[in-house]
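Notes for the structure review
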Amino acid sequence: LGLLECCARCLIGAPFASLVATGLCFFGVALFCGCGHEALTGTEQLIETYFSKNYQDYEFLIDVIHAFQYVIYGTASFFFLYGALLLAEGFYTTGAVRQIFGDYRTTICGKGLSATVTGGPKGRGARGPQRAHSLQRVCQCLGKWLGHPDKFVGITYVLTIIWLLVFACSAVPVYIYFNTWTTCQSIANPSKTSASIGTLCADARMYGVLPWNAFPGKVCGSNLLSICKTSEFQMTFHLFIAAFVGAAATLVSLLTFMIAATYNFAVLKLMGRGTKF
């Protein structure tokens, strides 16, 4: 077969759902980790500059921020690796499922992608044992490890539950900054509120960011409005929003991965064509 024909037949078995989910996962993780890291750095600077004059008040907060930043590094590395594994698993199981329904012809490419998962021919023909193509042999070796969609379904399910918590936690700083921004809007437009401008404050202590004995701990009135107008506040606020969007995109990608893997596993299991599950 020519190269173009081989590639065209391989595309028939391409897992388009997994491809979309992988791109969404990489985009979401990169957005969440990159923007989250910078947003935490901006929060640290805002606390140091405006909300506390004593380093001991926010020493623990800085340690927590640095710990989260290291966790972000590990999260990015893990999800990029796991996304690549899920994409490879999608190629194997999707090729096997489409071969079952007759939509995927067994070429050198197709055989290498699905022989292990479907329990296909072992390289014997009318003339006896035949020497397997090197690409096919590599794919078969990988397939012995990747051809277990049930394991990927279980792992992805656990990761989805964990990421739901991450998604919920990423909404907390957005809520805090949005409340602060709303207070600043009220200060900037005193005619829209009945409260005195001097009583409109942003208190970092009420959110648990600083201890209750931190001084000053809160900023009120025109001082708060001047903080909201700084580029540091605006950038940090938008970075947290971007990180929240990235967490949502990653959650959608994990759900897509799980649905696709569950479908492939169910078909292979019901058809009795899978490996040992």
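Everything quoted here is computed from the prediction, not taken from an experiment. (Residues numbered from 1 in each chain as written. Predicted model: local features only at pLDDT ≥ 70, side-chain atom pairs only at ≥ 80, totals over all residues. Heavy atoms only, no water.)

**A look at the overall build of the protein**
- When helices and strands are counted, the protein shows eight helices and four strands.
- In the protein, the succession of helices and strands from N to C terminus is α-α-α-α-β-β-α-α-β-β-α-α.
- Here the protein holds 277 residues, and 43% of them are scored as buried.
- Put simply, of all contacts in the protein between residues at least 6 apart along the chain, 78% involve residues at least 24 apart.
- Accessible surface, the protein: about 15,100 Å² in total, of which carbon and sulfur atoms supply 67%. (Helix = DSSP H or I, 4+ residues; strand = E, 2+ residues; numbered from the N terminus. Buried < 20%, exposed > 50% of the residue type's maximum accessible area, 1.4 Å probe, protein only. Contact = heavy atoms within 4.5 Å. Areas by Shrake-Rupley, 256 points an atom, 1.4 Å probe, with all protein chains shown as cover.)

**Quick look at the side chain of His-37**
- Of note, His-37 is situated in helix α2 (residues 16–51).
- Residue classification places His-37 among the buried positions, given a relative accessible area of 16%.

**Regarding the environment of Gln-56**
- Tracing the backbone shows Gln-56 in helix α3 (residues 55–100).
- Here the alpha-carbon distance between Gln-56 and Ala-214, two residues 158 residues apart in the chain, equals 8.9 Å.

**Looking at the UniProt feature "transmembrane region" (unreviewed entry) in the protein**
- UniProt feature "transmembrane region" (unreviewed entry): in the numbering of this structure it lies at residues 12–32, 67–88, 152–178 and 239–266.
- Taken as a whole, residues 67–88 contains 100% helix and 0% strand, while its terminal C-alpha atoms sit 32 Å from one another. (UniProt positions renumbered as here; feature names shortened; annotations may be inferred.)

**What about the pattern of salt bridges?**
- This model, assessed by the stated rule, comprises one salt bridge.
- Salt-bridge contacts for Asp-203 lead to Arg-205; the nearest nitrogen and oxygen are separated by 3.0 Å. (Salt bridge = Lys/Arg side-chain N within 4 Å of Asp/Glu carboxyl O.)

**Description of the environment of Gly-23**
- By secondary structure assignment, the location of Gly-23 is in helix α2.
- Here the alpha-carbon distance between Gly-23 and Ala-249, two residues 226 residues apart in the chain, equals 9.9 Å.

**Structural notes on a nonpolar patch on the surface**
- A surface patch of nonpolar side chains, about 450 Å² in accessible area, is lined by Tyr-157, Val-158, Ile-161, Ile-162 and Leu-164.
- Position of Ile-162 among the secondary structure elements: in helix α6 (residues 149–188). (Patch = residues over 30% accessible without salt bridge, like charges linked within 9 Å, V, L, I, M, F, W, Y side chains within 5 Å.)

**Section: the nonpolar core**
- Grouped together as the largest cluster of nonpolar side chains are 47 residues, with contacts concentrated most on Ile-47, Trp-163, Leu-210 and Leu-224.
- Ranked by residues supplied to this core, first place goes to α2 with 11 residues.
- For Ile-47, the contacting residues outside a window of four places in its chain are Ser-52, Tyr-58, Leu-61, Ala-204, Val-209 and Leu-210. (Core = buried A, V, L, I, M, F, W, Y, C linked by side-chain atoms within 4.5 Å.)

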